[in-house]
Each structure stands twice: as structure tokens, then as C-alpha cells.
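# Structure at a glance
Read off the chains here:
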Amino acid sequence: MGFESLASELEERKKKHLYRSRRLLQSPQGSEVLLDNKRFLAFCNNDYLGLANHPDVVNAFRQAANECGVGGGASHLVNGHHQQHHQLEEELAEFTGRDRVLLFSNGYMANIGAVNALLGKGDSVLEDRLNHASLLDAGLLSGARFQRYHHADSESLAQRLVNLPSTNRRSLVVTDGVFSMDGDIPPLPELVATCRQNNAWLMVDDAHGFGTLGRNGGGCIEHFELGQDDVQVLVGTLGKAFGTAGAFVAGSELLIDTLVQNARSYIYTTAMPPAVAAATRVSLKLLQNEHWRRERLADLIKRFRNGAVQLGYELMDSFSPIQPIVIGSEEKALALAAWLEEQGVLITAIRPPTVPKGTARLRVTLCAEHTEQQVDRLLDLLDQAKPQ
Ligand SMILES: *Cc1c(COP(=O)(O)O)cnc(C)c1O
């Protein structure tokens, strides 16, 4: 069998302005990057606190590599569970106020692992319709009854929970903590109450909230002051504000013990390099203690929002570093991104199926490394690009 059918599918994708391609990053991540041999002012990475290239984090990584080598070498349950992993787990448990934490190699695998360790046939998973792809995939893979509720809508959730069949075994409600393509946050206290009334567990993936929300960077659970009995399954990723790589699930002893026994994406994979864990221990300290990074970020977010709204752009209901500008059509979003790029500013156009049809957008992300001048430069270009 040839590949002709693949070629025509790819052609179709190009025609619809949905074709994706990669470019070469030739510098560390940051507010200014070298990409395909050109310098850009970038508003598209998730390194919100500027820790991915922080000298203390880099040094911790280097020193740990000297001491423990580069490769993880084995899975956690064979002999790859390094003391650096273990110490990071304990520090993250303290940081999140949970009994225990389990490290995963990345957020995608943490979500697949957690949902599938908890649910199977006869159970139900209920997801916000705008959840991250890894959460949706996790739910679908589990074989549980799969339903989506309206975005950030606890009544829509309640309706579905009430109508579950009497034979239903377990129910798990799953939501992003900060929605990755919209930047808004769900009404967590309402979701907690709805779950409690209907005997369901709540799982929150706060990939974008850790480090950016809450006084100490504790994310949406700190923002809303929610404990382990409110949000039973808490997920964080380390590749965003932490600036390193990996992810974790936090919760009760029983939850974590169950994941160690059952989470296939934990069991059947090589442990993350211990040096990554060592570097993350330093970035955790910076994330907690350097409040100025969060304060600076909040100021830049305000500055960007005020400016863009004054120019007449449609923003979303977000006070997070994710500040999408909704454009509508794929073609227009791509054209604006291309024009900005000619001016030396890099912002990714996000298109379906990542976001619903007709809501293609420029996903602007701000980070503590940006200067006010850089934000003003973006606003100035948006002014020039404004539809007349
Ligand atoms: C980025 C992201 C993930 C995936 O995390 P990785 O560590 O990059 O695999 C999971 N959930 C959400 C909400 C995310 O934004």
C-alpha cells in the first residue's frame, strides 16, 4: 500500500490553512530568541517566570549531571528512583500541602497515568469541553463513560452527574486549572461543591497556574484556598513556570500508592534524568521565594490588557499570562502572525482543532523577563495592524 492517501490529506490541510510546521530554535528560551537564524522578540513560550535559563537552575543541573550522570537509566520501580527525585517529591508535597507527590516524565503522561489508574469500564469521567488534549485523551483511553460539560459551567456538570446511571461505579471530574488556550480559570469552589454533592472526585491540571497564580505561586489551589479533600487529584507540570521538564501528581497517600501500582505511564517508562529533578528543586525555591517575578508578570499583563483593549482588540476573560487575541478565521490569524513576524515579533497563531472553529487566535504569553518597552513594542505593532 502506498502513501498517496496521506499526501492528499496533507494537501487538504494546507488548503485549509491548518498545516503545521516547525522552526529551529538556536538560543535558550527567553523574551528574545534566535529562530531560523533571525532574532525575534517572542511572546509565545510558557517559561512564565524566566527560569528555563536561570543561572542557578542551570548550575544545579550541571552539578547534578556531574554527580549522577545524564540518563535516568531505569524506571522508578526497577532502580531508577533517584534520591534527587525523592527529595523533589517531598518538597513538592510540602509546597502543595498534599500528603504525597509522584513525579512523571511529562504532563501528558501524568494525565494519562492518573486518569487510567483510577477509572475503567463502569466508571464515568466528566471533562470541561475546553480541557487540554492530554486530559481528553486520558479520559477516552480509560474506557470509562466519557462526557464533556460546558466550559467552566458547574450547572452543566451537575446535570450530567445527576443523570449518571445507577450502576455507575466511580466518577471523576477533570478540569484545567488555567485553560491553556484561553487563559481563564474555572469556578473551582463551585466545582468542588458540585463534586461533593454528587460523590465525585475532582482532578485539576494546573499546568499554567503553578508559579503564576497565588501569593506563593501555589496556583489555583492557593488562589482559592483548596485542600486535598476539595481537589483530590492535583496535577502540575514542570516545563512551564518551573522552567525545567516533567510533571507531578499530588494527593493523599492512598491516591499516590494507587498510582505507583497502576499508572502505566509511570511504571513503563524511564525515570526522568535525576539532574532535571535537581534543577527543579532550585527552580521551586526561586518560584516560591522570588515574589517579584509574579508581581512583574502581573504588571506586564495589566499593561498589555489595557493597551490592547484601548486599541479595540478582543481579549479573553483572563488575568493569567495567557492573553489570547481572538481573530476568528484561520487565514486572518495566520496573516497577522506572519506580518508581526516580518516586524521581528513572534506570536503563534492557534487554530482548530486546538481551539474551536471560528476562534483562531494569536496566543500572546507574557513572562517576567519581558520589559515594559517590549510590551509597548507589541502594542505599537498591534496598533499599526488594526483593521481600519
Ligand atoms: C502543557 C500542558 C500539559 C502537558 O505537559 P507537558 O509536560 O508539556 O507534557 C498538560 N496539561 C496542560 C493543561 C498543559 O497546558
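Predicted, not measured: the structure shown is a model, and the values here were computed from it. (Residues numbered from 1 in each chain as written. Predicted model: local features only at pLDDT ≥ 70, side-chain atom pairs only at ≥ 80, totals over all residues. Heavy atoms only, no water.)

## Looking at the overall build of the protein chain
Quick reminder of the rule: Counting from the N terminus, the helices are DSSP H or I runs at least four residues long and the strands are E runs at least two residues long. Every radius of gyration here is taken over C-alpha atoms, with the globule rule written as 2.2 Å times N^0.38, N being the number of residues. Contact between two residues is taken to exist if any of their heavy atoms lie within 4.5 Å; hydrogens are not considered. Areas reported as accessible are Shrake-Rupley estimates using a 1.4 Å probe. Residue values count occlusion only from the protein chains shown. We count Lys and Arg on the positive side and Asp and Glu on the negative side, and we leave His and both chain ends out. Charge positions come from single atoms, namely NZ of Lys, CZ of Arg, CG of Asp or CD of Glu.
Broken down by element type, the protein chain carries 15 helices and 13 strands. Against the globule reference of 21 Å for 388 residues, the protein chain gives a C-alpha radius of gyration of 21 Å, in line with a compact fold. Referenced to the eigenvectors of the C-alpha coordinate spread, the extents of the protein chain come out at roughly 60 × 55 × 55 Å. In the protein chain, once contacts between residues fewer than 6 apart in sequence are set aside, the share between residues at least 24 apart is 70%. Working note: accessible area of the protein chain is about 18,100 Å², and carbon and sulfur atoms make up 49% of it. Where the 38 positive side-chain charges of the protein chain centre and where its 46 negative ones centre are 5 Å apart.

## Considering the sheet that holds strand β9 (residues 247-251)
The condition is simple: Any two strands with at least two DSSP bridges between them are considered paired. For helices, the axis comes from a line fit to the C-alpha atoms of the stretch in contact; other axes are also lines fit to C-alpha atoms, and the angle between any two N-to-C directions lies between 0 and 180 degrees.
With respect to topology, seven strands assemble into an open sheet ordered β3-β9-β8-β7-β6-β4-β5, the strand pairing being mixed. The open sheet terminates on both sides in strands that have one partner only, identified here as β3 (100-104) and β5 (145-149). The mean inter-strand angle of the sheet, taken between neighbouring strand axes irrespective of direction, is 20 degrees. Here strand β6 (residues 171-176) runs beside strand β7 (residues 201-205); their pairing, made up of five bridges, is parallel. Within β7, the position partnered with Asp176 by the bridge is Asp205. Against the sheet, helix α4 (residues 83-96) makes contact with β3, β8 (233-237) and β9, and its axis sits at roughly 130 degrees relative to β3, the strand it touches most. On the sheet, helix α8 (residues 188-197) packs against β5, β6 and β7 and is oriented at approximately 155 degrees with respect to β7.

## Comments concerning empty space enclosed by the protein
The cut-off we apply is this: Lining residues are those with an atom within 4 Å of a point, where the points come from a 1 Å grid over the protein atoms alone and group into cavities, where a 1.4 Å probe fits but cannot get out, or pockets, open sets with protein on both sides within 12 Å along at least five of seven lines. Grid points are joined across faces, edges and corners, and a volume is the space filled by probe spheres set on the points. Under the convention adopted here, Pro, Cys and the residues Ala, Val, Leu, Ile, Met, Phe, Trp and Tyr are nonpolar, Asp, Glu, Lys and Arg are charged, and Gly plus all remaining residues are polar.
Across all of its chains, the model carries one cavity of 30 Å³ or more by this definition. What lines the largest cavity is His76, Leu103, Phe104, Ser105, Ser265, Tyr266, Thr269, Thr270, Ala271 and Met272. If you list the elements that add at least two residues to the lining of the largest cavity, you get β3 and α11 (264-267). Here the lining of the largest cavity is composed, by residue class, of five nonpolar, five polar and no charged.

## Overview of the site of the ligand
Defined as follows: Any residue with a heavy atom positioned within 4 Å of a molecule or strand is treated as near that molecule or strand. Each polar contact in these results corresponds to two N or O atoms within 3.5 Å; when the atoms are within protein, one needs to be able to donate a hydrogen and the other to accept it, and residues that are neighboring in sequence are counted only if both atoms are side-chain atoms.
Taken together, 14 residues sit near the ligand, with Gly107, Tyr108, Asp205, His208 and Lys240 positioned nearest. Here an oxygen atom of the ligand and a backbone polar atom of Tyr108 are 3.1 Å apart. In this structure, Lys240 approaches the ligand through a side-chain N or O atom, which is 2.8 Å from an oxygen atom. A total of 380 Å² of accessible area belongs to the ligand in isolation, and the protein chains cover 82% of it. Sorting elements by how many residues they give to the shell around the ligand places helix α5 (residues 107-118) first, with three residues. In terms of residue class, the shell around the ligand is made up of two nonpolar, nine polar and three charged.

## Description of the sheet that holds strand β2 (residues 38-42)
For sheets, the rule is that strands pair by backbone hydrogen bonds, running either parallel or antiparallel. Reading across from one edge, β1-β2-β11 is the order of the three strands in this open sheet, with mixed pairing throughout. Taken across any chain shown, the strands that pair with only one partner, and hence form the sheet edges, are β1 (32-35) and β11 (345-346). Direction of pairing for β2 relative to β11: parallel, over a ladder of two bridges. Residue Ala42 lies in a different strand from β11, and its bridge partner there is Leu346.

## A closer look at the packing of α5 against helix α6 (residues 133-142)
Keep this limit in mind: By definition, turning the near helix anticlockwise from the far helix through less than a right angle yields a left-handed crossing, and turning it clockwise yields a right-handed one.
Interaxial distance between α5 and α6 falls to 8 Å at its minimum, and their mutual angle equals 35 degrees. Every pair of crossing elements has a handedness; the one defined by α5 and α6 is right-handed. In this structure, α5 contributes Tyr108, Asn111, Ile112, Val115 and Asn116 to the contact, and α6 contributes Ser134, Leu135, Asp137, Ala138, Gly139, Leu141 and Ser142. Partitioning the contact of α5 with α6 into residue classes produces six nonpolar, five polar and one charged.

## What to know about the domain arrangement of the protein chain
Which entries qualify depends on this criterion: The split of the chain into domains comes from an automatic or database domain assignment. In this description, buried area is defined as the sum, over both parts, of the accessible area (probe of 1.4 Å) that is lost when the two are combined. For this analysis, a salt bridge means a side-chain nitrogen from Lys or Arg found within 4 Å of a carboxyl oxygen belonging to Asp or Glu.
On domain assignment, one finds that the protein chain holds domain 1 (22-49 + 291-385) and domain 2 (55-289). Centre-to-centre, using C-alpha coordinates, domain 1 lies 27 Å away from domain 2. With 21 residues of domain 1 in contact, the opposing surface of domain 2 contributes 24 residues. Across the domain 1 to domain 2 interface the summed buried area is about 1,800 Å²; carbon plus sulfur atoms make up 59%. Considering only the side of domain 1, the residues that lose the most area to domain 2 are His291, Arg294 and Phe319, jointly responsible for 33% of the buried surface there. Our enumeration of links across domain 1 and domain 2 arrives at one salt bridge. A salt bridge links Arg361 to Asp182, with the nearest nitrogen and oxygen atoms 3.1 Å apart. In this structure, the connection of domain 1 to domain 2 is made through twelve residue pairs in polar contact (both at pLDDT 80 or more). With three residues, the top contributor of residues to the side of domain 1 that touches domain 2 is helix α13 (residues 291-310). Here the side of domain 1 that touches domain 2 is composed, by residue class, of eleven nonpolar, five polar and five charged.

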